[in-house]
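For reference, the chains in residue letters:
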Amino acid sequence: MKNKYFSRFARPLAAGVLACAMSFPVLAQDQQQGLYDPTANDDSGSMAMDLLLVRPFGVLASAVGAAGFVFSLPFTLVTGTVGDTAHEWVGRPLEYTFNRPLGDFDNCGRDRHPCGQR
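Residues numbered from 1 in each chain as written. Predicted model: local features only at pLDDT ≥ 70, side-chain atom pairs only at ≥ 80, totals over all residues. Heavy atoms only, no water.

1. Considering the pattern of salt bridges
Per the stated rule, a full pass over the model turns up 3 salt bridges. For Arg100, the salt bridge is made with Asp50, and the minimal N-O distance between the two is 2.9 Å. A residue pair is termed long-range when its members are at least 10 positions apart, and Arg100 in the loop between helix H3 (82–98) and strand E1 (107–108) and Asp50 in helix H2 (residues 44–79) qualify at 50 residues. Asp50 shares its class with Arg100; the two are buried. Through salt bridges with shared partners, one network takes in Asp50, Arg55 and Arg100. (Salt bridge = Lys/Arg side-chain N within 4 Å of Asp/Glu carboxyl O. Helix = DSSP H or I, 4+ residues; strand = E, 2+ residues; numbered from the N terminus. Buried < 20%, exposed > 50% of the residue type's maximum accessible area, 1.4 Å probe, protein only.)

2. Points about H2
Here H2 is 36 residues long, yet its end C-alpha atoms lie only 46 Å apart, well below the 52 Å a rise of 1.5 Å per residue gives. Among all positions in H2, only Ser46, Asp50, Arg55, Gly58, Ser62, Gly65, Gly68, Phe69, Ser72 and Thr76 are buried. At its buried positions, H2 is contacted by H3. Positive phi appears at Gly80, one or two residues downstream of H2, with a value of about 80°. (Expected span 1.5 Å × (residues − 1). Contact = heavy atoms within 4.5 Å.)

3. Some details on the confidence of the model for the protein chain
Mean pLDDT over the protein chain stands at 78; residues scoring 70 or higher make up 64%. For the protein chain, helix H1 (residues 4–33) is the element with the lowest average pLDDT, namely 58, and H2 is the one with the highest, namely 93. For the stretch residues 27–31, pLDDT sits under 50, and the model shows 4 contacts to residues farther than four places along the chain or on other chains. (pLDDT = per-residue confidence, 0-100.)

4. Regarding the packing of aromatic side chains
Aromatic ring pairs are reported here in terms of the distance separating the ring centres and the angle at which the planes meet. Considering all chains together, one arrives at 0 aromatic pairs under this definition. The ring of Tyr96 has Arg100 sitting right over it, with the charged end atom 4.1 Å from the ring centre. (Phe/Tyr/Trp six-rings, centres within 6.5 Å; stacked < 30°, edge-to-face > 60°. Lys NZ or Arg CZ within 6 Å of the ring centre and 35° of its normal.)

5. Observations concerning the side chain of Asp104
For Asp104, the position within the fold is in the loop between H3 and E1. Although Asp104 is buried, it forms no salt bridge, and the closest oppositely charged side chain is Arg112 at an N-O distance of 4.5 Å. Reaching out from Asp104, the side chain makes a polar contact with the backbone nitrogen of Asp106 at a distance of 3.3 Å. The contacts of Asp104, once residues within four sequence positions are left out, are Asp50 and Arg112. (Lys, Arg positive; Asp, Glu negative; His and termini not counted. Polar contact = N/O pair within 3.5 Å; in protein donor to acceptor, adjacent residues only side chain to side chain.)

6. Focus on a nonpolar patch on the surface
On the surface, Met47, Met49, Leu51, Leu52, Leu53, Phe57, Leu60, Val64 and Leu102 cluster together into a nonpolar patch covering about 900 Å² of accessible area. As for its placement among the helices and strands, Leu102 is situated in the loop between H3 and E1. (Patch = residues over 30% accessible without salt bridge, like charges linked within 9 Å, V, L, I, M, F, W, Y side chains within 5 Å. Areas by Shrake-Rupley, 256 points an atom, 1.4 Å probe, with all protein chains shown as cover.)

7. Observations regarding the packing of H2 against H3
Running from amino to carboxyl end, H2 crosses H3 at an angle of 170°, the nearest separation of the two axes being 8 Å. Here H2 is positioned roughly antiparallel relative to H3, judged by the angle of their axes. In terms of residue class, the contact of H2 with H3 is built from 15 nonpolar, 8 polar and 1 charged. (Axes fitted to C-alpha atoms, helices over the stretch in contact; angles between N-to-C directions. Parallel < 35°, antiparallel > 145°, perpendicular 65-115°, else oblique. Nonpolar A, V, L, I, M, F, W, Y, C, P; charged D, E, K, R; others polar.)

8. So, the side chain of Ser72
Tracing the sequence through the fold places Ser72 in helix H2. Here Ser72 is in contact with Thr85 and Trp89, once residues within four sequence places are set aside.

Right under this line is the structure:
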């Protein structure tokens, strides 16, 4: 009797290993022909890290900042700092999460201004 969980995970794992094994000769060929430049700026790794790690934490930071802003609203109304608090706790995380090119950790918006500045 076959284990259904083993076959469920073994097939995709075998396909991934096979795909990786097939890509190694291409990398070796590029290195032999001098086409591979390890100092070249490859943004695919930073884009993947941004998509899988930084953006989800940015969404979480936006939610926590919004909750903190609502909690601090009675205090900021008295001091007149509602706008500054909203920008710091809600605006900056939202801008960093949703208004930034994928893989670019320093610049936001179309005009590529430094993130967090008004």
